[in-house]
There are 2 protein chains.
Amino acid sequence: MAIIVDKEQKKRDIALACKDLFFQNSVKDLSISTIAATAGVGKGTIYNYFNNKEEILFEIVNVLLRDHDIVKREKLSRESTTKGKIKVFSDFFYNEEDLELRELYKDFVAISLSSPSKEIKDFQTNHATYYHSWMKGIVQEGIEKNEITPESINLVQTICAANEGLFIASVSTNRIENLEREINLHIDAMFNFMERKK
Amino acid sequence: MAIIVDKEQKKRDIALACKDLFFQNSVKDLSISTIAATAGVGKGTIYNYFNNKEEILFEIVNVLLRDHDIVKREKLSRESTTKGKIKVFSDFFYNEEDLELRELYKDFVAISLSSPSKEIKDFQTNHATYYHSWMKGIVQEGIEKNEITPESINLVQTICAANEGLFIASVSTNRIENLEREINLHIDAMFNFMERKK
DNA sequence: TTTGAATGACTGACCATTAGTCATTCAAAA
DNA sequence: TTTTGAATGACTAATGGTCAGTCATTCAAA
């Protein structure tokens, strides 16, 4: 009949083609024309695959998060203690290699705060739930290995939230000079309470 | 020679005139024309007092925060325990009476995440520092009254960050069904560690 | 007391740019 | 040759921001 393209693949191709554009500019400062030109397609084509700029950002984040998770799993497997794992788990917010992904993540949170559409919220919920239960698994494991107390499981939510809160503060204010230090301090403080006293 | 207006006052007047507009719409969805019409001035006049829409939001938040603080001080004085005070301090994120201010606050954080201009960051830093040291004062007082351990002072940062993080999560995801409960749970958990054992 | 020059406040028409649409074109398959 | 999905970019409507001109008030000089 006519050309049939793999819609999902093309969507990914377009998104990844302007990855760097999104790294260097905030979504707000990018025009659809620029994005289309960078991806090497017409403006109309963009609208064949995405409803708006934000969805392109989501697609990029989605793809990058998959790679990020693989690396994270790798790094986690090299840690033996629960505390070490939690620290590695939290290093997304400050480490050098996730700098670009973090740039996108900022935009991402900004969008979900100002335009709470259903899709965006579901998207965020999925990711948040995924990482939350991942961390919960790590803590659970620590409990089973008798490293930390059973009540520690109730602090998972707080650790996650504090990480997020510290990150937001480090971006939106000048109050946090050293995020890595700040996050590790708070994890240390939490583990003081969570660790089994011998 | 000519008319001299109180610039600061007029700025406040314009901002407050479209307060409700900002409550009901996100900054993104408001046009300068609409804002100008609502405030009853010409579009050009807006630019005599503000550089962009965001600055109008800041002005509104500034004024409202002043009132909010008075009420908060009032409420705090009625609490006798440190734990009670911290809970009252944190209720901004979920209580009914601050609903509108919270709407603005969301926009506010979104802007500081996506357009980190110097002014915005300074503005945020001032407020964050102000509230942070306020809470620190409350904790300090609790330590002096021998209610909580001296080490508690190190958890102020974590409590603040976790509140913020939980709030962000409640807005941007569907994971937190009851923010009030979640925040109070985490404060209770923290106080379990902070309180002096008798 | 009158007057007109000086000045600051205010304005909305105007311009450049943008998001989003859609009629048209293109190319492959039948 | 015909059919049909994909791609396109000219077009429209709306927006943010500018700026040349208008207006109102004041006050010094006549």
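Description of the structure in this document. (Residues numbered from 1 in each chain as written. Chains lettered and ligands numbered in written order. Predicted model: local features only at pLDDT ≥ 70, side-chain atom pairs only at ≥ 80, totals over all residues.)

### Some words on the environment of Thr-125 of chain A
Stated formally: Only DSSP runs of H or I covering at least 4 residues are called helices, and only runs of E covering at least 2 are called strands; the numbering of each starts at the N terminus. Three exposure classes are used. Buried residues have 20 or more other C-beta atoms within 10 Å of their own C-beta, exposed residues have 12 or fewer, and partly exposed residues fall in between, all C-beta atoms being placed from the backbone. In this description, a residue-residue contact is defined by the distance between C-beta atoms placed from the backbone, which must lie within 7 Å.
Within the secondary structure, Thr-125 of chain A is located in helix 8 (residues 118-144). For Thr-125 of chain A, a count of 17 C-beta atoms within 10 Å gives the class partly exposed. Each residue touching Thr-125 of chain A, except ones within four places of it in the same chain, is listed here: Thr-173, Asn-174 and Arg-175 of chain B.

### Brief notes about the relation of the copies chain A and chain B
Spelled out, the test is: Copies overlap after least-squares fitting; the atoms used are the C-alpha atoms of residues with pLDDT of at least 70 in both.
With an RMSD of 0.1 Å, chain A superimposes on chain B once it is rotated by 180 degrees and translated 0.0 Å along the axis. A rotation of that kind, with that shift, is consistent with a two-fold axis. A shared interface surface links the copies, since 100% of the contact residues of chain A are contact residues in chain B too.

### Observations regarding the interface of chain A and chain B
Frequently, the measure chosen for interface size is the accessible area that the parts lose on association. On the chain B side, the residues contacting the 36 residues of chain A number 36 residues. Put simply, the parts of the chain that give the side of chain A that touches chain B at least two residues each are helix 7 (99-114), helix 8, helix 9 (156-172) and helix 10 (179-194) of chain A. With twelve residues, the single largest contributor to the side of chain A that touches chain B is helix 9 of chain A.

### A few points about the packing of helix 7 of chain A against helix 9 (residues 156-172) of chain B
So the rule is basically this: Axis lines are fitted to C-alpha atoms, over the contacting stretch for helices. Their N-to-C directions set the angle, which ranges from 0 to 180 degrees. Roughly parallel here means an angle under 35 degrees, roughly antiparallel means over 145, roughly perpendicular means 65 to 115, and every remaining angle is called oblique. Should the near helix be turned anticlockwise from the far one by less than a right angle, the crossing is termed left-handed; should it be turned clockwise, right-handed. Residue type decides the class: Asp, Glu, Lys and Arg count as charged, Ala, Val, Leu, Ile, Met, Phe, Trp, Tyr, Cys and Pro as nonpolar, and the leftover types, Gly among them, as polar.
The contact between helix 7 of chain A and helix 9 of chain B brings their axes to 8 Å, and the two run at 65 degrees. Put simply, helix 7 of chain A runs roughly perpendicular to helix 9 of chain B. The handedness of the crossing between helix 7 of chain A and helix 9 of chain B comes out as left-handed. Within the contact between the two elements, helix 7 of chain A uses Val-109, Ser-112 and Leu-113 of chain A and helix 9 of chain B uses Ile-168, Val-171 and Ser-172 of chain B. Across the contact of helix 7 of chain A with helix 9 of chain B, the residue classes tally to four nonpolar, two polar and no charged.

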